[in-house]
Structures are given as C-alpha cells and as structure tokens.
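Read off the chains here:
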Amino acid sequence: MKKILFIGFIAVILIAIPLTIYLVGLQTQTKIKAEKSTNLTFSKLSGPVNIGQKFNLNILLDPGNNQVSFVKLILSYDSTKLKRGEPGISPNTSVFPVTLEGPTYDQCTGTTCTESITLSIGTEVTKAIQGAGSPVTIASVNFEALAATETDTSISFGNGTQVLSLATSDEPSENVL
C-alpha cells in the first residue's frame, strides 16, 4: 500500500511540474507603455515671407495624456532658403526653466542644417506639462528668409527630437512624441 501511494505521489509530481510550466508560459505578461500622444508643432506664419525678411516661429507642445518633463529639440532646415536669425532658439523659461544642453547652431550637412537645444523642468516635478488642451509655447526660433515663401518655411523637427514624460505608466527614457 505504501508503495502504491509513493508511486502515485511521484506520478502526480511528474505530471504537475510540466503542466505548471506550460500554464505559466501561456500567461501573457502585459506591460503598459507610454501613450505617444504628445505633439510638437510650429506656429503658422501670418503671411508670405520675402527675401531678407526676418521672422520667428513659436514651438508649441501639446502633452496629450503625458506629463512632459524634458524636451530635446532638433530643428532641421534648408540652408538655401533660410539662415539662422538672432537670437536663434529662445526657450520659454516659465515652462522649461532649465537648459540642459545648447543651443547649438549651424550643424550642416550639404544644404540641410540643424539647430538643437535640450530643455527640462528641473527637479520640480510638479511643473511637468500635462493635460490635453491648448498647446503651450516652449520656445521660439528666429530665421531670415533667403528665398521667398508662401507658408512652407522648410523647417521640421529632425531625427533625435525627443520628449520624456513623468507619468507612472511611462518608462524613464521612453520617447512619448
């Protein structure tokens, strides 16, 4: 009787271990990712720009469902149509009081040039930009036209532009742009 009980116990273990491993393997582990709902845009020009005319554009951030604490802006433009104006990139220090890097200017490859700046809220996490609503101006950028343009200014956000969020569902270095 003890022998049958022992053999039965071993059989149950031999069946239970592989079954448990199989069932655990079937379970899907879901990881919440940041919602990529943050948008960066430029303000619209009020009208055409003529050769030699200086103009500025505001850089607008709509955080969507994120809590934005950090922005690395890389602006790309066509150097045959535009040249950097003065003062270049001007951060809105009431929104992002800390400049971590830059601004850097006139990084050109061929006719494509970039300007960059890295901004942060600093250590004050309560200043994170949040709430879907009207976009907030985070910086302005100045240019001088080398060619006439209607409304297309040949400026875009370059590769490497990054927005980070403090929301609990976001990874520390996850780009939410």
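The structure contained in this document is the topic of the report that follows. Everything numeric here is computed off the predicted structure, so don't read it as measured data.

**Here's the deal with the state of the cysteines**
Tallied over the full model, the rule gives one disulfide. In this model, Cys108 is linked to Cys113 through a disulfide, with the two sulfur atoms separated by 1.9 Å. The S-S bond linking Cys108 to Cys113 shows a torsion near 105°; that makes this disulfide right-handed.

**Comments concerning the side chain of Ser76**
Secondary-structure assignment places Ser76 in strand β3 (residues 67-78). The exposure class of Ser76 is buried, given its relative accessible area of 14%.

**Remarks on the nonpolar core**
By size, the foremost hydrophobic cluster in this structure holds 32 residues, and its most contacted members are Phe55, Ile59, Leu73, Phe96 and Ile138. Elements represented by at least two residues in this core include exactly β1 (39-42), β2 (54-62), β3, β4 (82-91), β6 (112-120) and β8 (136-145).

**Some details on the sheet that holds β4**
What the four strands build is an open sheet, ordered β1-β2-β8-β4; its pairing is antiparallel. Of all strands in the sheet, those with a lone pairing partner are β1 and β4, marking the two edges. Across this sheet, the average inter-strand angle for adjacent strands is 20°, counted without regard to direction. Direction of pairing for β2 relative to β8: antiparallel, over a ladder of eight bridges. In the sheet register, Asn56 faces β8, and the bridge partner there is Asn142.

**A look at a nonpolar patch on the surface**
A cluster of nonpolar side chains, Ile13, Ile17 and Ile21, forms an exposed patch at the surface whose accessible area comes to about 280 Å². Mapped onto the elements, Ile13 comes out in helix α1 (residues 2-26).

What counts as what
Residues numbered from 1 in each chain as written. Predicted model: local features only at pLDDT ≥ 70, side-chain atom pairs only at ≥ 80, totals over all residues. Heavy atoms only, no water. Disulfide = S-S within 2.5 Å. Helix = DSSP H or I, 4+ residues; strand = E, 2+ residues; numbered from the N terminus. Buried < 20%, exposed > 50% of the residue type's maximum accessible area, 1.4 Å probe, protein only. Core = buried A, V, L, I, M, F, W, Y, C linked by side-chain atoms within 4.5 Å. Pairing = 2+ DSSP bridges. Axes fitted to C-alpha atoms, helices over the stretch in contact; angles between N-to-C directions. Patch = residues over 30% accessible without salt bridge, like charges linked within 9 Å, V, L, I, M, F, W, Y side chains within 5 Å. Areas by Shrake-Rupley, 256 points an atom, 1.4 Å probe, with all protein chains shown as cover. Salt bridge = Lys/Arg side-chain N within 4 Å of Asp/Glu carboxyl O.

Purely spatial values, then, with no claim about function.
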